[in-house]
Amino acid sequence: NAGVTQTPKFRILKIGQSMTLQCAQDMNHNYMYWYRQDPGMGLKLIYYSVGAGITDKGEVPNGYNVSRSTTEDFPLRLELAAPSQTSVYFCASDSEVRGTEAFFGQGTRLTVV
Amino acid sequence: GEDVEQSLFLSVREGDSSVINCTYTDSSSTYLYWYKQEPGAGLQLLTYIFSNMDMKQDQRLTVLLNKKDKHLSLRIADTQTGDSAIYFCAENPTGSSASKIIFGSGTRLSIRP
């Protein structure tokens, strides 16, 4: 099925470890986003991209990095994981700049211990 | 600063109408959105309304916008068990990039028999 695919679904990291959360979409969308969702809260934007080769910081970028070498893929890198990064991470893509055609992945639940 | 407020919980009897309310702060918001999040899943964009509209209807969903009071509501007619989810309201203060979307904390809708 077409859509946004995130891997892994779950992960436990130790403090100081690194990992990459993968996100891929097959809808040829230019716009892609990484959000985190903390318990009982709405989504906060970490990073976004308006096309291959272009990325920009969102509201909460510290401790994360992204790349967008292709239209399809938008991986999120965590370096030196901290307990504050325990969260559920969602990737989204959109064909429209205003967020009116957005598709979300299933999420990655990350725990840092 | 911008903020989006929603009540945390709503309980409705099956077959009744559900009304989920939201207030936002930025009077310049040109797009307002409703998303649905089922347990363990990503967000699904349900609908959105442009600020020059007062109402938008899509099958069982009706969105009402009161710009004077900065109040947005989502009405679900004939609520079914499959409507159980968390519903997020969001505003786009700039009306341009979805990177500026601000999410509320979500309203958890539960359905009683």
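As the structure is a prediction and not an experimental result, all values here were calculated from the model.

A. Examining the packing of aromatic side chains more closely. One pass over the structure, following the stated rule, counts twelve aromatic pairs over all chains. Between Tyr33 of chain B and Tyr48 of chain B, the ring centres sit 6.5 Å apart and the planes meet at 45 degrees, which makes this aromatic pair tilted. With Tyr33 of chain B in strand 4 (residues 31–37) and Tyr48 of chain B in strand 5 (residues 43–50), the pair connects residues that are 15 residues apart, well separated along the chain. Clustering of aromatic rings is evident, with ring pairs tying together Tyr33, Tyr35, Tyr48 and Phe104 of chain A together with Tyr31, Tyr33, Tyr35, Tyr48, Phe50 and Phe103 of chain B. The ring centre of Phe74 of chain A lies 6.0 Å from the NZ or CZ of Arg68 of chain A, which sits over that ring. Against the face of Tyr48 of chain B rests Lys56 of chain B, its NZ or CZ located 4.1 Å from the ring centre.

B. Spatial organisation of the interface of chain A and chain B. Contacts between chain A and chain B engage 19 residues on the former and 21 residues on the latter. Of the roughly 1500 Å² buried between chain A and chain B, counting both surfaces, carbon and sulfur atoms make up 58%. The largest per-residue losses of area from chain A upon contact with chain B belong to Arg98, Thr100 and Phe104 of chain A, which jointly make up 33% of the total buried on that side. On the surface where chain A and chain B come into contact, there are zero salt bridges. Joining chain A to chain B, the criterion identifies three residue pairs in polar contact (both at pLDDT 80 or more). Listing elements by their share of the side of chain A that touches chain B, those giving two or more residues are strand 4 (31–37) and strand 5 (43–51) of chain A.

C. Inspection of the nonpolar core at higher detail. Ranked by size, the top nonpolar core spans 22 residues in total, and within it Tyr33, Tyr35 and Phe104 of chain A together with Tyr35 and Phe103 of chain B carry the most contacts. At the level of secondary structure, the elements contributing two or more residues to this core comprise strand 4, strand 5 and strand 9 (87–94) of chain A together with strand 4, strand 5 and strand 9 (85–92) of chain B. Those residues in contact with Tyr35 of chain B that sit more than four places away from it in its chain are Gly99 and Phe104 of chain A together with Leu43, Gln44, Leu45, Leu46, Ile86, Tyr87, Phe88, Ala90, Ile101 and Phe103 of chain B. Counting residues in each nonpolar core, the second largest holds 20 residues, with Leu32, Leu65, Leu74 and Ile111 of chain B among its members.

D. The sheet that holds strand 3 (residues 19–25) of chain A, seen in detail. All names here are of chain A. Taking strand neighbours across the sheet as the criterion, the four strands line up as 1-3-8-7 in an open arrangement whose pairing is antiparallel. Looking at strand neighbours, the two that pair on one side only are strand 1 (4–7) and strand 7 (64–66), the edges of this open sheet. Direction aside, the axes of adjacent strands within the sheet are offset by 20 degrees on average. Two elements, strand 1 and strand 3, share four bridges in a ladder whose sense is antiparallel. Bridging across to strand 3, Gln6 finds its partner in Cys23.

E. The pairing of strand 9 of chain A, seen in detail. Residues and elements named next belong to chain A. With eight of eight residues buried, strand 9 lies mostly within the body of the structure. Burial along strand 9 is two-sided: Ser87, Tyr89, Cys91 and Ser93 facing one way and Val88, Phe90, Ala92 and Asp94 facing the other are all buried. Sheet topology note: the strand 4/strand 9 ladder contains seven bridges and is antiparallel. Bridging from a neighbouring strand, Gln37 pairs with Val88 of strand 9. Taken together, the three bridges between strand 9 and strand 11 (residues 108–112) define a ladder with antiparallel strand orientation. Across the sheet, residue Val88 finds its bridge partner in strand 11, namely Arg109. Both strand 9 and strand 10 (residues 103–104) contribute to a ladder of two bridges, which runs antiparallel. Opposite Ala92, over in strand 10, you have Phe104 as the bridge partner.

F. Local environment of the environment of Lys14 of chain A. Residue and element names in this part refer to chain A. The topology assignment puts Lys14 in the loop between strand 2 (10–13) and strand 3. Judged by its relative accessible area of 57%, Lys14 is exposed. With 68 residues separating them in the primary sequence, Lys14 and Ala82 have C-alpha atoms 8.1 Å apart. Setting aside its immediate chain neighbours within four residues, Lys14 contacts Ala81, Val112 and Val113.

G. Molecular detail of the pattern of salt bridges. In this structure the tally under the stated criterion is six salt bridges over all chains. Glu38 of chain B is the salt-bridge partner of Lys36 of chain B, the closest N and O atoms lying 3.5 Å from each other.

The rules behind these values
Residues numbered from 1 in each chain as written. Chains lettered and ligands numbered in written order. Predicted model: local features only at pLDDT ≥ 70, side-chain atom pairs only at ≥ 80, totals over all residues. Heavy atoms only, no water. Phe/Tyr/Trp six-rings, centres within 6.5 Å; stacked < 30°, edge-to-face > 60°. Helix = DSSP H or I, 4+ residues; strand = E, 2+ residues; numbered from the N terminus. Lys NZ or Arg CZ within 6 Å of the ring centre and 35° of its normal. Contact = heavy atoms within 4.5 Å. Buried area = accessible area lost by both parts, 1.4 Å probe. Salt bridge = Lys/Arg side-chain N within 4 Å of Asp/Glu carboxyl O. Polar contact = N/O pair within 3.5 Å; in protein donor to acceptor, adjacent residues only side chain to side chain. Core = buried A, V, L, I, M, F, W, Y, C linked by side-chain atoms within 4.5 Å. Buried < 20%, exposed > 50% of the residue type's maximum accessible area, 1.4 Å probe, protein only. Pairing = 2+ DSSP bridges. Axes fitted to C-alpha atoms, helices over the stretch in contact; angles between N-to-C directions.

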